Amino acid sequence: MMSHKADLDPQFYEMLEKLQALDFVLVELNLFLDTHPDDLASIQQYNQLAQERSQLANHFQQLYGPLMNFGHSFSKFPWEWSKVPWPWQV
Amino acid sequence: MWVYEKKLQYPVRVGKCDIRMAKLLIEQYGGADGELAAALRYLNQRYTIPDKVIGLLNDIGTEELAHLEMIATMVYKLTKDATVEEIRAAGLDEYYVNHDKALFYENASGVPWTAAYIQAKGDPIADLYEDIAAEEKARATYQWLIDMTDDVDLQDGLKFLREREIVHSLRFREAVEILKDDRDKKKFF
Amino acid sequence: MNHHSWSHPQEQAWAPFIGPFDPCPPILCKTYSTPPQLFMHFQPLNLPQFCPEDALRHGTLWPALYSPYESKWGKGR
């Protein structure tokens, strides 16, 4: 039996972690703003980071396939969603 | 509506083939203070909590689903390449005869998950105090799990999850303050 | 209101009673965690932040909320 071995380059893990880091700050700011809704500086930081993460996510998806389902990411041919390994596999 | 994002919240690594840890980690998958209980508790309470704190319950509940996936990843990685002999030697034989290597919502002693683990009292203070207690109990469980392994990679992921309980606990404490009295809040700034 | 949660110890120690008929050698000092959320009450604005990479690694954006925990494995009695 042939086993599927990942052909993911080191850059995959590097970029993924960079994205995880940005998204983590966004989670933290989001929860903080849920209890501090009047903090303008945090809202500005949140919006700025949301823009940065969207650029990085776009770049990542061009290289490694869609991150999201239900129309929040684009797909090349053939359907890429289940082609790329899943988070618990990589 | 939820939309899935095909990545873990934190890069989970398992550095050691310690199959027995899978049995212990299941506590945070389907145990009383585990991530499934946490997610379902908050996502259910959000419907009847005052509007000011719905967002917080919604968002922490959603993050808990990401933590559930991290725990699942740890269990999956520890068991996927185990032989039946290794499974028996590690004490996972009782789990195996019931589930093979499928993940299941049960605690480390094999007790299946039950809705009796969570509460929805409808009283916002009672519900938020339960949430704070749940976060502290989950933090403690992560400590005891960290104690049970010398795998620094696994410890690393568990330490991340323990820290998240701390931040969530603080946010729930803030939610209580918000509901106690809006004007009082200002003096803490 | 004390905003300096980092000035609080993250761990407390206590010495349990040792009975004359205890079957096992005693553990003289026991500890429990007292992480920063217990002292912060309501997070103040503009706390210093970790950079994104360090925030992810620490599990929080704010050093004042960071709580280290070390495994008891291999530490003995």
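Please read all numbers here as calculations on a predicted model, not as lab measurements. (Residues numbered from 1 in each chain as written. Chains lettered and ligands numbered in written order. Predicted model: local features only at pLDDT ≥ 70, side-chain atom pairs only at ≥ 80, totals over all residues. Heavy atoms only, no water.)

## Quick notes on the packing of helix 1 (residues 10–35) of chain A against helix 8 (residues 152–180) of chain B
Thinking step 1. With their axes 9 Å apart at the nearest point, helix 1 of chain A and helix 8 of chain B run at an angle of 20° to one another. The orientation of helix 1 of chain A with respect to helix 8 of chain B, classified from their angle, is roughly parallel. Touching Phe24, Val27, Glu28, Leu31, Phe32 and Thr35 of chain A of helix 1 of chain A are Phe160, Arg164, Val167, His168, Arg171, Glu174, Ala175 and Ile178 of chain B, all from helix 8 of chain B.
Thinking step 2. A breakdown of the residues in the contact of helix 1 of chain A with helix 8 of chain B according to their chemical character gives eight nonpolar, two polar and four charged. (Axes fitted to C-alpha atoms, helices over the stretch in contact; angles between N-to-C directions. Helix = DSSP H or I, 4+ residues; strand = E, 2+ residues; numbered from the N terminus. Parallel < 35°, antiparallel > 145°, perpendicular 65-115°, else oblique. Contact = heavy atoms within 4.5 Å. Nonpolar A, V, L, I, M, F, W, Y, C, P; charged D, E, K, R; others polar.)

## With respect to the interface of chain B and chain A
Thinking step 1. Between chain B and chain A, the residue contacts involve 33 residues of the former and 33 residues of the latter.
Thinking step 2. Here chain B packs against chain A, burying approximately 2,600 Å² in sum over the two surfaces, 58% of which is carbon and sulfur.
Thinking step 3. Where chain B packs against chain A, one counts three salt bridges.
Thinking step 4. Put simply, Arg53 of chain A and Glu5 of chain B hold a salt bridge, and the shortest N to O gap is 2.7 Å.
Thinking step 5. Taken together, chain B and chain A are joined by eleven residue pairs in polar contact (both at pLDDT 80 or more). (Buried area = accessible area lost by both parts, 1.4 Å probe. Salt bridge = Lys/Arg side-chain N within 4 Å of Asp/Glu carboxyl O. Polar contact = N/O pair within 3.5 Å; in protein donor to acceptor, adjacent residues only side chain to side chain.)

## A word on unusual backbone geometry
Thinking step 1. Look at the link from Phe77 of chain A to Pro78 of chain A: it is a cis peptide, with omega at -10°.
Thinking step 2. If you trace the backbone, Pro78 of chain A turns up in the segment after helix 2 (40–64).
Thinking step 3. With phi around 70°, His41 of chain C is a residue other than glycine that occupies positive phi space.
Thinking step 4. Turning to its location among the elements, His41 of chain C is positioned in the loop between helix 1 (37–40) and helix 2 (52–58).
Thinking step 5. Looking at His41 of chain C, the relative accessible area reads 31%, which means it is partly exposed. (Buried < 20%, exposed > 50% of the residue type's maximum accessible area, 1.4 Å probe, protein only.)

## Thoughts on the interface of chain A and chain C
Interface size is commonly expressed as the accessible surface area that is lost when the partners come together.
Thinking step 1. Each partner contributes residues to the interface: chain A has 15 residues there, and chain C has 15 residues.
Thinking step 2. Of all residues in chain A, the largest losses of buried area upon contact with chain C belong to Phe24, Glu28 and Phe32 of chain A, amounting jointly to 35% of the total for that side.
Thinking step 3. Where chain A touches chain C, the interface holds two salt bridges.
Thinking step 4. With its nearest N and O atoms 2.9 Å apart, the salt bridge here joins Glu17 of chain A to Arg57 of chain C.
Thinking step 5. At the level of secondary structure, the elements contributing two or more residues to the side of chain A that touches chain C comprise helix 1 and helix 2 of chain A.
Thinking step 6. At eleven residues, helix 1 of chain A tops the list of elements feeding residues into the side of chain A that touches chain C.

## Some points on the nonpolar core
Generally speaking, soluble globular proteins have nonpolar side chains that are buried together.
Thinking step 1. Membership of the largest hydrophobic core comes to 61 residues, with the highest contact counts inside it found for Leu25, Met74 and Leu158 of chain B.
Thinking step 2. Contributions of two or more residues to this core are made by helix 1 and helix 2 of chain A, helix 1 (20–25), helix 4 (51–79), helix 7 (124–147) and helix 8 of chain B together with helix 2 of chain C.
Thinking step 3. At eleven residues, helix 1 of chain A tops the list of elements feeding residues into this core.
Thinking step 4. Every residue in contact with Met74 of chain B, bar those within four places of it in the chain, is listed here: Val12, Val14, Leu25, Leu154, Gly157, Leu158 and Leu161 of chain B. (Core = buried A, V, L, I, M, F, W, Y, C linked by side-chain atoms within 4.5 Å.)

## A closer look at the pattern of salt bridges
Thinking step 1. Tallying each qualifying case throughout the model produces 19 salt bridges over all chains.
Thinking step 2. When the shortest N-O distance is used, the salt bridge between Lys18 of chain A and Glu53 of chain C registers 3.5 Å. A residue pair is termed interchain when its members come from two chains, as with Lys18 of chain A in helix 1 and Glu53 of chain C in helix 2.
Thinking step 3. The partly exposed category is assigned to Lys18 of chain A, whose relative accessible area is 38%.
Thinking step 4. Glu174 of chain B is the salt-bridge partner of Arg171 of chain B, the closest N and O atoms lying 2.9 Å from each other. With Arg171 of chain B and Glu174 of chain B both in helix 8 and three residues apart, this pair spans about one turn of that helix. In this pair, the class of Arg171 of chain B matches that of Glu174 of chain B, namely buried.
Thinking step 5. Connected via shared salt-bridge partners are Asp23 and Arg53 of chain A together with Glu5 and Lys7 of chain B.

That is the geometry; function is a separate question.
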